[in-house]
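Structural description and commentary
One letter stands for each residue in the lines below.
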Amino acid sequence: MQSKAGAEDKKLQSFASAQAANRACPYALKCGGCDYSGLPYTVQLENKQKRMEELLGAILKKDGVTLSPIVGADNPFHYRNKVHSVFVSERKKTVQRGIYEKNSHRVIDIKECRIENEKANEIMEEIRRLIPSFKIQMYDEDRERGLLRHVLIRVASKGIMVILVTSTSMFPGKKNFVTALRRKFPEITTVVQNINNKRTSMVLGERNEVLYGPGFVVDDRLGLDFRISPDSFYQVNSEQTVKLYGLVLEVAGLTGRETVWDLYCGTGTIGMFMASHAKEVLGVELNKNAVTDAKNNARVNAITNIRFLAQDATDYMKQARGRGECPDVLCMDPPRSGSTKEFIEAAAALKIPRIVYVSCGPESLARDLICFQKRGYKIRRAVPVDMFPQTEHVETVCLLSQRKPDTTIEVDLDISELEVSSAETKA
Ligand code: SAH
């Protein structure tokens, strides 16, 4: 196995050669967002496959499973539908917009990002151009003065949302600013002012004021409409999301009779795709606004066999354990930090038959899979999906199911299963 330092050296070497060949993004080293910038896409996929094999290989081997080939993207550039720029001014003269330099609060002025949606990039540049004529002051973090802090753009299939993050609600000339912006980009369907007056690295504050349109955008995926609010979670790579959710549905193996729980459900997207293949679905999510969106999404799409709860996923699992309430299929899609030991213990105590684990954090996934294995679960499939080309991030879909109940020996001779592995066949 390659050491971490060795891998880092190799990454820098390949990066340097990509830069020399002028293929890498000029901002990449400072920005730190795209570790694979300049590497041919096929090489990026190979690297990700290798890394996941290093991380998960031994864990999967215990259950006689090998990692499936990574699902690559058709368009590895300009895929991000959510685009963020921090706005600052250089000695009160030029307007700079971009991202924070890696591990600092210095802003790298960016004119074009290779992974962000191109239309959103154009809108950001227009905002930069309009600012001086509207005399909008950029926010100065140190002195806590000025108005505009960030701009966030969310591009959906049925509209574009621009969110102007300001330090106070006082925004002189905002109506005219919105009019000027929409004159150039009529495809902007809504503009929201978000007020963030805290000294924080969080982009969004708690208050939103709708300046134009409905205050949300609608994205149409796999025949369903999803409403996205300024702060609700929505997968950033829409094209790959279609593949990801298709895979989740495939491994869940629904017949129409199952009760499904979609925990860490965000705006309820996965659960809603599952609803037409299941008896009923419950979605649980911590973010209240995302739950409001999820409920609206279900209503808009006339899905009646789904309900949502705003609650901590671990708390919900622990309470379900207390009630002895158990679904047929659990889909879990936790944030990068993964799930919790208590969550996994409750799932195991309930003996949930089938679990689909969608992960955006390889390390936390490895930790949680081991935890599941120790509590009687067997991994049946693990498929990496490249949701974030040019970066080193990897999404993974895993299917787990219960080992035979009350197994007393470690060797599992269950050859009647459909997905029997070669190791088991030999056994
Ligand atoms: N499955 C959704 C969202 C996945 S992202 C989709 O594909 O769109 C992870 C989600 O977990 C986020 O919406 C986040 O708000 C939520 N979350 C984070 N911590 C949580 C917790 N402790 N309990 C419940 N939800 C949580």
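Residues numbered from 1 in each chain as written. Predicted model: local features only at pLDDT ≥ 70, side-chain atom pairs only at ≥ 80, totals over all residues. Heavy atoms only, no water.

**Remarks on the overall build of the protein chain**
Worth spelling out the cut-off: Going along the chain from the N terminus, every DSSP run of H or I of four or more residues is numbered as a helix, and every run of E of two or more is numbered as a strand. Each residue's exposure class comes from its accessible area (1.4 Å probe, protein chains only) as a fraction of the maximum for that residue type: buried when under 20%, exposed when over 50%, partly exposed otherwise. It only takes one pair of heavy atoms within 4.5 Å for two residues to be counted as in contact. In these tables, accessible area is a Shrake-Rupley quantity obtained with a 1.4 Å probe, and a residue counts as shielded only by the protein chains included in the view.
What the protein chain contains, in helices and strands, is twelve helices and 16 strands. Evaluated residue by residue, the protein chain yields a buried proportion of 52% over its 427 residues. Pairs at least 24 apart in sequence give 67% of the contacts found in the protein chain among residues at least 6 apart. Total accessible area computed for the protein chain in this model is approximately 20,400 Å², and 52% of it derives from carbon and sulfur atoms.

**As for the packing of aromatic side chains**
Using the following cut-off: Whether two aromatic rings pair depends on their centres lying within 6.5 Å, for rings of Phe, Tyr and Trp, where Trp uses its six-membered ring; planes under 30 degrees apart make the pair stacked, over 60 edge-to-face, and the rest tilted.
Under the definition given, this model contains eight aromatic pairs. Seen in terms of ring centroids, Phe226 and Tyr234 are 6.4 Å apart; in terms of plane orientation they differ by 50°. Their pairing is tilted. In this pair, the class of Phe226 matches that of Tyr234, namely buried. With a centroid separation of 5.6 Å and an interplanar angle of 65°, the aromatic rings of Phe226 and Phe273 are classed as edge-to-face.

**A look at the pattern of salt bridges**
For clarity, the cut-off: We count a salt bridge whenever a side-chain nitrogen from Lys or Arg sits within 4 Å of a carboxyl oxygen from Asp or Glu.
Under the criterion given, the structure shown has 22 salt bridges. With a closest N to O distance of 3.0 Å, Arg97 and Glu125 form a salt bridge. Note that Arg97 is positioned in strand S2 (residues 94-100) and Glu125 in helix H4 (residues 118-130), a separation of 28 residues in sequence. The buried category is assigned to Arg97, whose relative accessible area is 1%.

**Some points on the site of the ligand**
This is how it is decided: Whether a residue is near a molecule or strand is decided by its heavy atoms; if any one of them lies within 4 Å of it, the residue is near. In protein, a polar contact requires one atom able to donate a hydrogen and another able to accept it; more generally it is a pair of N or O atoms within 3.5 Å, and residues adjacent in sequence count only if both atoms are side-chain atoms. Think of it as three bins: nonpolar holds Ala, Val, Leu, Ile, Met, Phe, Trp, Tyr, Cys and Pro, charged holds Asp, Glu, Lys and Arg, and polar takes everything else, Gly as well.
Close to the ligand lie 15 residues, the nearest being Tyr245, Glu285, Asp312, Ala313 and Asp333. One of the backbone N or O atoms of Leu286 is found 3.2 Å from a nitrogen atom in the ligand. Take Asp333: an N or O atom from its side chain is 2.8 Å from a nitrogen atom of the ligand. Protein burial of the ligand: of its 570 Å² of free accessible surface, 86% is covered by the chains. When grouped by side-chain class, the residues that make up the shell around the ligand number eight nonpolar, four polar and three charged.

**A word on the sheet that holds strand S1 (residues 82-90)**
Whether parallel or antiparallel, the strands of a sheet pair through hydrogen bonds between backbone atoms. How we decide: A pair of strands counts as paired when DSSP detects no fewer than two bridges linking them. Angles run from 0 to 180 degrees between N-to-C directions of axes, and those axes are lines fitted to C-alpha atoms, restricted for helices to the stretch in contact.
In spatial order, the strands read S3-S2-S1-S4-S5-S6-S7; together these seven strands make up an open sheet with mixed pairing. Across the chains shown, the open sheet's two edge strands, defined by having one partner strand only, are strand S3 (107-109) and strand S7 (207-212). Adjacent strand axes in the sheet meet at a mean angle of 35°, parallel and antiparallel pairs treated alike. Two strands pair when backbone bridges link them, and strand S5 (residues 159-166) and strand S6 (residues 188-195) are joined in this way by seven bridges, in the parallel orientation. Bridging from a neighbouring strand, Val162 pairs with Val191 of S6. Contacting S5, S6 and S7, helix H5 (residues 174-184) crosses the sheet at an angle of about 60° to S7.

Any functional reading would require information that these geometric values do not contain.
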